Each structure stands twice: as structure tokens, then as C-alpha cells.
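# Structural description and commentary
Chain residues, written in single-letter form:
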Amino acid sequence: MRLRVKPFTLFLYGIVLALIIIGTRIYTRGISLPDPLEPLTVKKPEWTGLITLWDTNYVDCGTGSNTGWLNKQIQRFEKNNPGVFIDVRKITPERMKMYFEGKMRDELLPDIIALPVYEQIVPQELLLDLKPYLSQKEIDRFCGIAKKRITKGEKIFGVPWMMAPYALIFNNRLIEEANIIIPDEELDWAFVDSAVRSLTFSKQEGKSEKQYFGFCTYSTSHSRPLWSIIHGDKDKIIDDKAYNLILRWHREARALPNNMLDCSFGEAWQLFAMQGRVGIMLGNVRAVYQMRNLQQIGKGFEITVKEIPSGGKNGLFLDQVAAYGIIKTENREKLDLCVSFLKMLIEEGAQRELKQIGAFSVISSVRDIYQDDPQMSLLEASLKKYVFSPGDSHWRKYGESAYAELKNKLEETSEPEG
């Protein structure tokens with residue numbers, strides 16, 4: 001019988017034969033096939049090595065340290081850039097200043113450095129102008145106060161990455177004893193003045209008489225909370241009403257601790273929280289978190305956190321905006337990686353994670369990260385009030401001398417505290 005082969009069967013035979021021939025050639029010639037996982041593999045950057053970062057605590061977050069948040073961002077960056085490592089060195093503000101006053105050799109300088117708030121510790125000629133590396137869209141994402149922090153003239157010398165406002169923190173124990181009712185709405189200075197005077201008194205405790213103060217704050221080389229009260233508007237460095245109010249508390253009511261503007265945060269905190277001898281503390285979010293820690297171990301007392309009254313001004317003054325700059329280098333590949341790292345810090349995900357350390361975002365669109373925390377949510381909302389900073393030209397011209405003048409006046413007629 002004669003066998004008949006259908007055309008379709010012949011077509012299949014042809015395909016099988018072609019696959020056998022192609023497969024044999026691939027096997028004998030070693031032709032490599034594309035890796036199906038290649039699109040998922042992170043490519044190694046052109047430059048690999050160590051990027052050094054000097055971190056200084058110029059701005060306090062709630063937890064007192066940014067280490068946990070920063071390490072998380074570094075791990076993410078290193079994962080995305082195999083062979084690149086970021087080495088963080090924690091340095092106190094005093095040590096940072098000492099290094100640059102000693103005229104450091106260039107080879108000892110870091111790649112990325114925390115920028116001081118008031119003093120020009122890092123010579124400006126060492127810092128890279130980042131404006132060519134940031135698009136206008138990226139610059140516009142910063143809120144106004146953060147943008148001022150890193151802008152000088154037409155140049156941008158850093159990337160801001162967190163900020164923290166100041167607040168009035170009330171000792172509820174003393175508030176209740178004085179029968180003071182704190183309004184739910186925004187405070188005015190008439191109420192604060194009355195409360196400060198009512199919370200100033202002396203009390204016999206055992207054989208000694210203890211002085212209680214209506215108000216206290218602190219001052220350091222990089223954090224000056226009192227400026228948020230006494231700073232005026234754009235054309236005037238001092239708000240005369242607030243300035244005179246502080247002086248009256250000192251001279252008439254004896255409501256301020258002696259040498260208050262020589263106090264560190266720790267000294268003011270000791271007087272307010274540990275001794276309980278202050279009615280209202282002007283401080284940062286670190287004070288809020290530290291009181292919460294005390295309450296968790298059965299110590300401390302309840303507090304009320306209120307935003308600083310605007311007093312009819314166009315805006316308040318804030319110096320608590322953290323920023324990193326980049327030291328100039330001829331290594332373009334390494335420089336690009338440094339810029340990439342700083343940009344990662346201001347991505348929306350990283351900015352929302354600032355909640356982990358009790359800090360606030362510098363990006364205008366990242367808001368309401370403390371919806372479940374009434375005290376911090378109130379302070380987050382208060383950020384829109386802050387308009388002026390040490391970066392304003394009128395402050396640079398008159399600020400230091402005005403602050404020194406106030407400090408001298410507050411040191412006049414000081415008496416023993418008891």
C-alpha cells in the first residue's frame with residue numbers, strides 16, 4: 001500500500017529538524033542565551049568604595065538621635081549600589097568646630113557633612129554648589145523654611161532632610177494647682193503672660209524655701225528657642241512686644257531662672273521635668289518624647305503641648321532644620337553617588353519614616369504623618385507658621401548682636417534661686 005504524508009505533517013517534521021540543527025549549533029559553539037533574571041539584577045556602579053559622612057546633632061529629633069532612621073536609608077542605598085558603602089561618623093558640634101579651626105588637611109575631609117545652623121564652620125569654598133544637580137521641580141518640593149536653610153544667593157549648598165518646631169510645654173501638675181484652664185484654641189500672649197505670673201512663686205519645702213518659675217528655656221550654639229518668640233517680621237529683627245514681655249517676666253515677676261540663656265537643654269529639662277519647678281518650658285520635640293519616656297516608667301507628669309502664638313506677626317522664626325552638604329571632589333562618579341544618596345533621603349517614603357524618630361518632613365507635600373498622635377499632629381500643623389530663619393539677610397545683619405543684648409539684660413539683677 002502506498003503511504004501518503006499530509007502537508008501539515010511535513011511542516012511539523014521541518015520545524016523539529018530545524019530545532020535539532022539550531023540546538024546542535026548552540027551546544028557546539030557555546031552561544032550564550034540571555035539571562036531571564038537579568039532585568040531584576042542590580043548593576044554595580046562605575047565607582048565602588050567608601051563614602052564618608054560626618055553627622056552632627058545640630059537639630060534635635062524626638063528620640064534624641066537620628067541613627068535608626070539614617071541607618072535604614074543607608075542600608076537601602078547600599079543595596080541599590082553594590083560595592084558602595086557609607087561610613088557614618090558621629091561628631092559633637094564642638095569637635096566639628098575644632099577640626100575646621102585646626103585647618104584640616106583635604107585628605108581627612110569627609111564626602112558628606114552636616115551643616116551648622118548659625119556659624120559658618122565649614123568654609124563655603126569647600127562646599128559643592130548643588131543647584132546644577134537639582135532640578136527646579138526638586139527644589140520646589142522643599143517647604144519655604146527648608147529652602148532658606150540651604151540657599152545663599154543663587155547657590156544651594158546642601159539638602160535639607162528634617163526639621164522640628166518649638167513648642168510651649170505646660171506642667172499640668174502646676175497648672176492644676178494654680179487653677180489655670182488652658183484654652184483649646186490657639187493661645188495669645190495675654191494668656192501666656194497671666195499664666196507665667198501665676199506659676200511663679202516660692203514654696204516652703206522642709207527647712208528650705210524653693211523658688212518656682214513660670215517660664216524657662218535654653219540656648220546653645222545651634223538651637224535658640226527664644227528667637228521663635230522675640231523675632232519680628234521681615235523689616236524688624238525684634239518684636240518689641242514679645243521682647244519687652246520677656247524682660248518684664250525677668251525684672252518684675254522674677255519668673256525666669258537665673259542666667260537662662262546660658263542653660264543647656266539638659267539643665268532646663270532638669271529644672272522643668274526632674275525637679276518640677278517650672279510651669280511652662282519653651283522647647284523642642286525632644287522634651288515631649290522624654291516626658292513620655294518618664295511616664296512609661298511611672299515618673300514625670302502630664303503635659304499640655306501648645307504651638308507658639310503668632311502674635312499677629314507674618315511668621316515665626318525657626319532654626320531647627322537639618323541639612324547635609326557635599327565636600328567638593330574631582331571624582332565625578334563618587335560625587336554623583338553622594339548626590340544620589342542625599343536625594344534618597346528626601347524621597348516621600350524616607351520622609352514619612354521620619355515619624356520613627358519624632359521629626360518632621362521638609363517636603364511640602366508630605367504631611368499628616370502624625371494623624372494618630374494629637375500632640376505631634378498639633379506641632380506638625382504649626383510648621384506652616386515658620387517663615388523666617390538664620391538664612392534671612394536681616395537676621396544675619398542684626399541677629400547676633402540683638403541676641404547678645406537680650407542675654408546681657410537677662411543677666412542683670414539676678415538673684416539667688418533658693
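Look a little higher up for the structure.
Residues numbered from 1 in each chain as written. Predicted model: local features only at pLDDT ≥ 70, side-chain atom pairs only at ≥ 80, totals over all residues. Heavy atoms only, no water.

## Looking at the overall build of the protein
A tally of helices and strands in the protein yields 15 helices and 14 strands. In the protein, which comprises 418 residues, the proportion classed as buried is 49%. A fraction of 77% describes how many contacts in the protein between residues 6 or more apart in sequence connect residues 24 or more apart. (Helix = DSSP H or I, 4+ residues; strand = E, 2+ residues; numbered from the N terminus. Buried < 20%, exposed > 50% of the residue type's maximum accessible area, 1.4 Å probe, protein only. Contact = heavy atoms within 4.5 Å.)

## A closer look at empty space enclosed by the protein
Applying the stated criterion across every chain yields a total of three cavities of 30 Å³ or more. Every residue lining the largest cavity is counted, 14 residues in all, and those nearest its centre are D55, T56, Y58, W161 and A322. Counting residues per element, the lining of the largest cavity draws most heavily on strand β13 (residues 321-326), which supplies three residues. In terms of residue class, the lining of the largest cavity is built from nine nonpolar, three polar and two charged. (1 Å grid on protein atoms, 1.4 Å probe; cavity = no way out; pocket = protein on both sides within 12 Å on 5 of 7 lines; lining within 4 Å. Points joined across faces, edges and corners; volume = space filled by probe spheres on them. Nonpolar A, V, L, I, M, F, W, Y, C, P; charged D, E, K, R; others polar.)

## Focus on the side chain of Q351
Looking at the element boundaries, Q351 is found in helix α13 (residues 348-352). Owing to a relative accessible area of 0%, Q351 belongs among the buried residues under this scheme. Among the polar contacts made by the side chain of Q351, one reaches the main-chain carbonyl oxygen of W161 at a distance of 3.0 Å. When near neighbours in sequence (up to four residues on either side) are disregarded, Q351 contacts W161, L345, I346, S361, V362, I363, V366 and I369. (Polar contact = N/O pair within 3.5 Å; in protein donor to acceptor, adjacent residues only side chain to side chain.)

## A closer look at helix α9 (residues 240-251)
Along its twelve residues, α9 runs 16 Å from first to last C-alpha, staying within 8% of the 16 Å computed at 1.5 Å per residue. Inspection of α9 places A242, Y243, L245, I246, L247, W249 and H250 among the buried residues, and these make up the whole buried set. The inward-facing, buried residues of α9 abut α7 (189-198), β9 (208-216), α8 (227-230) and α15 (393-411). Its side-chain oxygen at 3.1 Å from the backbone nitrogen of K241, D239 defines the N-terminal cap of α9. (Expected span 1.5 Å × (residues − 1).)

## Considering the nonpolar core
Counting residues in each nonpolar core, the largest one holds 140 residues, and the members touching the most others are F215, L226, W227, W249, F272 and F341. Apart from the residues within four sequence positions on either side, F272 is in contact with I169, F170, N171, R277, V278, G279, M281, M291, F301 and I303. (Core = buried A, V, L, I, M, F, W, Y, C linked by side-chain atoms within 4.5 Å.)

## Some words on the sheet that holds strand β7 (residues 167-171)
Reading across from one edge, β8-β9-β10-β7-β11 is the order of the five strands in this open sheet, with mixed pairing throughout. Looking along the sheet, the strands with just one partner apiece sit at the ends: β8 (201-205) and β11 (303-306). Strand-to-strand twist across the sheet, computed as the mean angle between neighbouring axes with direction ignored, equals 30 degrees. Sitting on the sheet, helix α10 (residues 265-274) is in contact with β7, β9, β10 (278-283) and β11, with an inclination near 155 degrees to β10. (Pairing = 2+ DSSP bridges. Axes fitted to C-alpha atoms, helices over the stretch in contact; angles between N-to-C directions.)

## Concerning the environment of E348
Position of E348 among the secondary structure elements: in helix α13. Between the C-alpha atoms of E348 and S365, which are 17 residues apart in sequence, the distance is 8.5 Å. Excluding anything up to four places from it in sequence, E348 contacts R141 and V366.

## Concerning the sheet that holds strand β6 (residues 159-163)
In spatial order, the strands read β2-β1-β3-β13-β6; together these five strands make up an open sheet with mixed pairing. This sheet does not close on itself; its edge strands, each paired only once, are β2 (84-90) and β6. Going across the sheet, the axis of each strand differs from the next one's by a mean of 20 degrees, ignoring polarity. As judged from the two bridges shared by strand β1 (residues 49-55) and strand β3 (residues 112-114), these two strands associate in the parallel manner. Counterpart to L53 in the pairing with β3 is I112.

## Structural notes on the side chain of N66
Inspection of the secondary structure puts N66 in the loop between β1 and α2 (67-80). Since its relative accessible area comes to 3%, N66 is described here as buried. In this structure N66 touches D55, C61, K90, W161, Y324 and I357, once residues within four positions along its chain are discounted.

## What about helix α11 (residues 285-296)?
Here α11 spans 17 Å end to end across twelve residues, near enough to the 16 Å set by a 1.5 Å rise per residue. The elements touched by buried residues of α11 are β7, α10, β11 and α14 (374-382). One side-chain oxygen of the residue at the start of α11 lies 3.1 Å from the amide nitrogen of R286, identifying that residue as N284. Immediately beyond the C-terminal end of α11, within one or two residues, lies G298, with a positive phi of roughly 80 degrees.

## Let's talk about the packing of α2 against helix α12 (residues 332-345)
Following both chains from N to C, one finds α2 and α12 inclined at 130 degrees, their axes separated by 10 Å at the closest point. When the axis of α2 is compared with that of α12, the two are oblique. In the crossing of α2 with α12, the sense of the turn from one axis to the other is right-handed. Of α12, the residues touching α2 (which contributes W69, L70, Q73, I74, R76, F77 and N80) are L337, S340, F341, M344 and L345. (Parallel < 35°, antiparallel > 145°, perpendicular 65-115°, else oblique. Left-handed = near helix turned anticlockwise from the far one by under 90°.)

## Remarks on the pattern of salt bridges
Taken as a whole and assessed by the stated rule, the structure comprises 24 salt bridges. A salt bridge links K334 to D111, with the shortest nitrogen-to-oxygen separation between them at 3.1 Å. Of the two residues, K334 is situated in helix α12 and D111 in the loop between α3 (93-101) and β3; the sequence distance between them amounts to 223 residues. The exposure class of D111 is buried, given its relative accessible area of 13%. For D239, the salt bridge identified is with K313, shortest N-O distance 3.5 Å. Here D239, found in the loop between α8 and α9, pairs with K313, found in the loop between β11 and β12 (316-317); they are 74 residues apart in sequence, far enough to count as distant. For the residue pair D239 and K313, the accessibility class agrees, reading buried in each case. Among the charged side chains, a network of salt bridges with common partners joins E186, E307 and K385. (Salt bridge = Lys/Arg side-chain N within 4 Å of Asp/Glu carboxyl O.)

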